[in-house]
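# Overview (structure and organization)
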Amino acid sequence: MNRVCRILTSLLLTGLLIMLPLATTVARADRAKPGDTVGTVDTGASNVALLNNTMLSKINGLRESQGVGDLSIDATLNSYAAIRSEEAATKWSHTRPNGAQGCDMIPANKWRGENLSYVTYPEFGYTQAEQMAAADVMFDNLVASPTHYDNMVFGSFTKIGIRTSVLGTGDGTRLTTAYMFSS
């Protein structure tokens, strides 16, 4: 039985803590606050490409259901998303360490947007099932947030970059994903 609690912070940033005792999945909302910091990002320890690809498929499925064209992966946006996922993993905020907003990485003459999400697992083995479950939780929480939802279905966005950073914390493994949208 799955129980998922959704709580959005005052900045509409979503965070979720998943605990996997035995065969039951129980989820508890984690209240992320701007400026929260945690451990060190391990960028080379895991392969979470399935998570990123699943998120792209889910976002494009949502767009299709709303009559909006698919987003295509963009290498430059992927590089921005990689930077932002690492920054947000160590300091949960849409504000970058240099004081700029995350979407300010994208040239100002383009439509631009940023979504961030994370899930923390006490134990995470990078299996297909775990990555799919993480994608389900992240997607559901993004859809439940009006501002994040708007970015996902905004018709002027045609490209996306998606990257996930992996961080060991005192609570387990935190997967932080950045989504960079542009035209």
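Each chain carries its own residue numbering, running from 1 in the written order of its sequence. Confidence filtering applies because this is a predicted model: local features only for residues at pLDDT of at least 70, side-chain atom pairs given and counted only at 80 or more, and all residues used for totals across whole chains, interfaces and linings. By convention in this description, side-chain values take in all heavy atoms of the structure and omit both hydrogens and water.

## Overview of the side chain of Glu 87
Tracing the backbone through its elements, the reader meets Glu 87 in helix α2 (residues 75–90). Categorising residues by exposure relies on relative accessible area from a 1.4 Å probe, with only protein chains included: less than 20% of the type maximum marks a residue as buried, more than 50% marks it as exposed, and the intermediate range marks it as partly exposed. Residue classification places Glu 87 among the buried residues on the basis of a relative accessible area of 14%. N or O atoms closer than or at 3.5 Å make up a polar contact, with two conditions inside protein: a donor-capable atom paired with an acceptor-capable one, and, for residues adjacent in sequence, both atoms drawn from side chains. Reaching out from Glu 87, the side chain makes a polar contact with the side chain of Arg 96 at a distance of 2.7 Å. What Glu 87 contacts, discounting residues up to four positions off in sequence, is Arg 96 and Pro 97. Every helix listed is a DSSP run of H or I at least four residues long, and every strand listed is a run of E at least two residues long, numbered separately from the N terminus. Contact between two residues is taken to exist if any of their heavy atoms lie within 4.5 Å; hydrogens are not considered.

## Here we look at the packing of aromatic side chains
The rule is short: rings of Phe, Tyr and Trp, with Trp giving its six-membered ring, pair when the centres are within 6.5 Å, and they are stacked under 30 degrees, edge-to-face over 60, tilted in between. In the structure shown here, the tally under the stated rule is 6 aromatic pairs. The interplanar angle of 75° and the centroid separation of 4.9 Å between the aromatic rings of Phe 154 and Phe 157 together place this pair among those described as edge-to-face. Ring pairing ties together the aromatic residues Trp 111, Phe 154, Phe 157 and Phe 181, which thus form one cluster. Over the aromatic face of Tyr 118 sits the side chain of Arg 174, whose NZ or CZ is 3.6 Å from the ring centroid. Two conditions define a charge located above a ring, namely a distance within 6 Å from the ring centre to NZ of Lys or CZ of Arg, and an angle within 35 degrees of the ring normal.

## Quick look at the environment of Thr 76
Mapped onto the fold, Thr 76 is located in helix α2. On a C-alpha basis, the gap between Thr 76 and Ile 106 in space is 9.0 Å, while along the polypeptide they are 30 residues apart.

## A word on unusual backbone geometry
The backbone of Tyr 126 shows a phi angle near 65°, a positive value even though the residue is not glycine. Examined against the element boundaries, Tyr 126 turns out to sit in the loop between β7 (112–121) and α3 (128–144). Using a relative accessible area of 26% as the deciding quantity, one classes Tyr 126 as partly exposed.

Geometric descriptors of this kind do not, in isolation, establish any biological role.
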